[in-house]
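# Observations on the three-dimensional arrangement
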Amino acid sequence: MPFVAQEGNCLIYRGSNFLKQRLILSCLSGKPVKINQIRSEDESAPGLREYEISLIRLLDKITNGTKIELNPAGTSVMFSPGLLHGGSITHECCVQRGIGYYLDALIALGPFCKNPLHCNLRGVTNSKDSPSVDHIKGAALSLLKRFLLVDEGLELKVVRRGAAPLGGGEITFRCPVRKSLRAIQFQSQGMVKRIRGTVYACKVSPAMANRTVESAKGCMLKFLPDVYIYSDQNKGKMSGNSPGFGICLVAETTDGVCYAADCCSNTREESDTPSIPEDLGREVAMRLLDEIYRGGCVDSTYQWLAALYIALGQKHVSKFLTGALSTYTVHFLQHLRDFFSITFKLENPEAEDDEEEDVRGAQKVLMACVGIGYTNINKRVI
């Protein structure tokens with residue numbers, strides 16, 4: 001649902017879509033946000049879901065002075081952000097969503113906290129509706145490093161795996177703080193030079209992981225020889241509370257761009273037919289090839305994060321090449337305009353240099369904007 005109105009400094013929205021985007025931008029801009037009519041037409045379960053309330057609790061933990069007001073039915077929420085404090089926190093994530101759902105918010109807010117983030121998150125490490133922790137480690141952290149310059153203190157570690165639906169996994173995430181992010185000109189994606197991957201198996205036969213690896217490698221070796229997939233097989237307490245297996249592949253280019261794709265097995269609730277390892281390996285290979293075809297300097301899942309960082313960068317022109325924009329990214333650009341009054345110039349770079357070189361992959365989009373010069377007011381002066 002679109003932006004509805006503004007009362008003073010407070011932005012008012014309608015509907016449950018893009019709740020996470022609105023809360024993240026509210027924390028960064030300091031503007032309160034009110035969201036009405038959240039699933040008000042859903043008679044069986046109106047209002048906020050448990051995983052959305054869990055996200056609000058997490059944002060409350062990393063901020064100081066946040067005020068949250070919910071109506072009794074949960075169909076309306078008023079979120080008044082406090083200062084981003086950071087520090088050490090532990091959070092039990094709702095198992096309706098993967099840990100990646102919560103990590104996205106921490107990666108966006110981490111560099112602007114007062115103290116470096118040190119988070120322990122527990123829940124589902126690999127799920128179908130959120131990026132897996134391996135995907136985030138491969139794609140999102142490599143993007144964040146470009147803007148931080150020095151990646152000292154940036155770490156994402158999987159302590160133990162937890163498959164859907166019961167989870168039981170745990171990760172540790174550390175993020176350094178910065179006074180400001182640098183403006184960036186990144187228009188060259190390079191050629192794919194190697195593919196790395198991780199396959200995991202929790203409470204299932206190790207043969208499942210090996211069969212998935214064989215299938216995925218069989219597809220990727222047709223394109224380049226440097227393919228290595230690491231097996232992460234867990235037993236006992238280290239394997240979480242549910243059986244499952246899955247795989248994440250990351251393609252790295254000569255210019256340091258990373259594209260990632262992941263895939264995990266069905267749970268009993270999702271389907272009566274069990275996942276076949278060979279099909280899973282083939283599917284993740286096809287997803288990765290699709291990401292490489294889309295191209296750009298970031299994979300499609302984290303286009304929104306690149307847009308956020310260049311919008312908050314120093315007051316210089318930033319340019320960033322992406323593949324075709326996803327629907328999620330388009331709405332994120334609209335939300336950036338609402339909260340920060342910043343607009344992007346989007347152009348098709350290939351229209352100019354079609355004659356000079358052959359076009360590789362899908363059509364690209366060149367995002368350009370002048371950063372707002374966002375300064376971390378929470379960071380202590382040393």
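The rules behind each value
Residues numbered from 1 in each chain as written. Predicted model: local features only at pLDDT ≥ 70, side-chain atom pairs only at ≥ 80, totals over all residues. Heavy atoms only, no water. Salt bridge = Lys/Arg side-chain N within 4 Å of Asp/Glu carboxyl O. Helix = DSSP H or I, 4+ residues; strand = E, 2+ residues; numbered from the N terminus. Buried < 20%, exposed > 50% of the residue type's maximum accessible area, 1.4 Å probe, protein only. UniProt positions renumbered as here; feature names shortened; annotations may be inferred. 1 Å grid on protein atoms, 1.4 Å probe; cavity = no way out; pocket = protein on both sides within 12 Å on 5 of 7 lines; lining within 4 Å. Points joined across faces, edges and corners; volume = space filled by probe spheres on them. Nonpolar A, V, L, I, M, F, W, Y, C, P; charged D, E, K, R; others polar. Domains from an automatic or database assignment. Pairing = 2+ DSSP bridges. Right-handed = clockwise from strand over helix to strand, strands pointing away. Phe/Tyr/Trp six-rings, centres within 6.5 Å; stacked < 30°, edge-to-face > 60°.

### Remarks on the pattern of salt bridges
- Under the counting rule described, the total for this entry stands at 16 salt bridges.
- A salt bridge links Arg122 to Glu170; the nearest nitrogen and oxygen atoms lie 3.7 Å apart. Taken as a pair, Arg122 in strand β9 (residues 115-123) and Glu170 in strand β11 (residues 169-175) lie far apart in primary sequence, 48 residues in all.
- On the basis of relative accessible area, Arg122 is assigned to the partly exposed category, the value being 27%.
- On the basis of relative accessible area, Glu170 is assigned to the buried category, the value being 9%.

### Focus: the UniProt feature "domain: RNA 3'-terminal phosphate cyclase" (unreviewed entry) in the chain
- What UniProt calls "domain: RNA 3'-terminal phosphate cyclase" (unreviewed entry) maps, in this numbering, to residues 13-345.
- In residues 13-345, the share of helix is 32% and the share of strand is 28%. The end C-alpha atoms are 25 Å apart.

### Things to note about the layout of surface pockets
- Looking at the largest pocket, its volume works out to about 800 Å³.
- Lining the largest pocket are 41 residues, and of these Lys128, Asp129, Ser130, Pro131 and Thr301 sit closest to its centre.
- Those elements that place two or more of their residues in the lining of the largest pocket are α1 (19-29), α2 (50-62), α3 (99-109), α4 (133-148), β15 (244-253), β16 (258-264) and α6 (277-294).
- In terms of residue class, the lining of the largest pocket is made up of 15 nonpolar, 15 polar and 11 charged.
- Both domain 1 (1-82) and domain 2 (192-294) contribute no fewer than three residues apiece to the lining of the largest pocket.

### So, the pairing of strand β13 (residues 192-202)
- Examined bridge by bridge, β13 and β15 share 10 bridges and lie antiparallel to one another. Bridging across to β15, Ile195 finds its partner in Ala251.
- In this structure, β13 lies alongside strand β14 (residues 227-234), joined through 8 bridges in parallel fashion. Within the sheet, the bridge partner assigned to Val199 lies in β14 and is Ser231.

### Remarks on the UniProt feature "domain: RNA 3'-terminal phosphate cyclase insert" (unreviewed entry) in the chain
- With numbering aligned to this structure, UniProt lists the feature "domain: RNA 3'-terminal phosphate cyclase insert" (unreviewed entry) at residues 188-292.
- Between the end C-alpha atoms of residues 188-292 the distance is 14 Å, and the span holds 30% helix and 34% strand.

### Thoughts on the sheet that holds strand β19 (residues 365-370)
- Read across the open sheet, the 4 strands follow the order β12-β17-β19-β18; overall the sheet is mixed. Across the chains shown, the open sheet's two edge strands, defined by having one partner strand only, are β12 (185-186) and β18 (345-347).
- Sheet topology note: the strand β17 (residues 317-322)/β19 ladder contains 6 bridges and is antiparallel. Bridged to Ser318 within β19 is Cys369.

### Structural notes on the pairing of strand β8 (residues 86-92)
- Bridge count for β8 against β9 is 6 bridges, and the pairing is parallel. Note that in β9 the partner of His91 across the bridge is Leu121.
- You can see the chain leave β8, run along α3 and come back into β9, and the turn it takes is right-handed.

### Re the domain arrangement of the chain
- Along its sequence, the chain is organised into domain 1 (1-82) and domain 2 (192-294).
- Its C-alpha centre places domain 1 at a distance of 35 Å from the equivalent point of domain 2.

### Looking at the packing of aromatic side chains
- One pass over the structure, following the stated rule, counts 11 aromatic pairs.
- For the pair Tyr302 and Trp304, a centre-to-centre distance of 6.3 Å together with 40° between the ring planes defines the contact as tilted.
- Given the relative accessible area of 0%, Tyr302 is considered buried.
- With centroids separated by 6.3 Å and ring planes inclined at 85°, the aromatic side chains of Phe340 and Tyr374 adopt a geometry described as edge-to-face. Taken together, the positions of Phe340 in helix α8 (residues 327-340) and Tyr374 in the segment after β19 put the pair 34 residues apart, joining distant regions of the chain.

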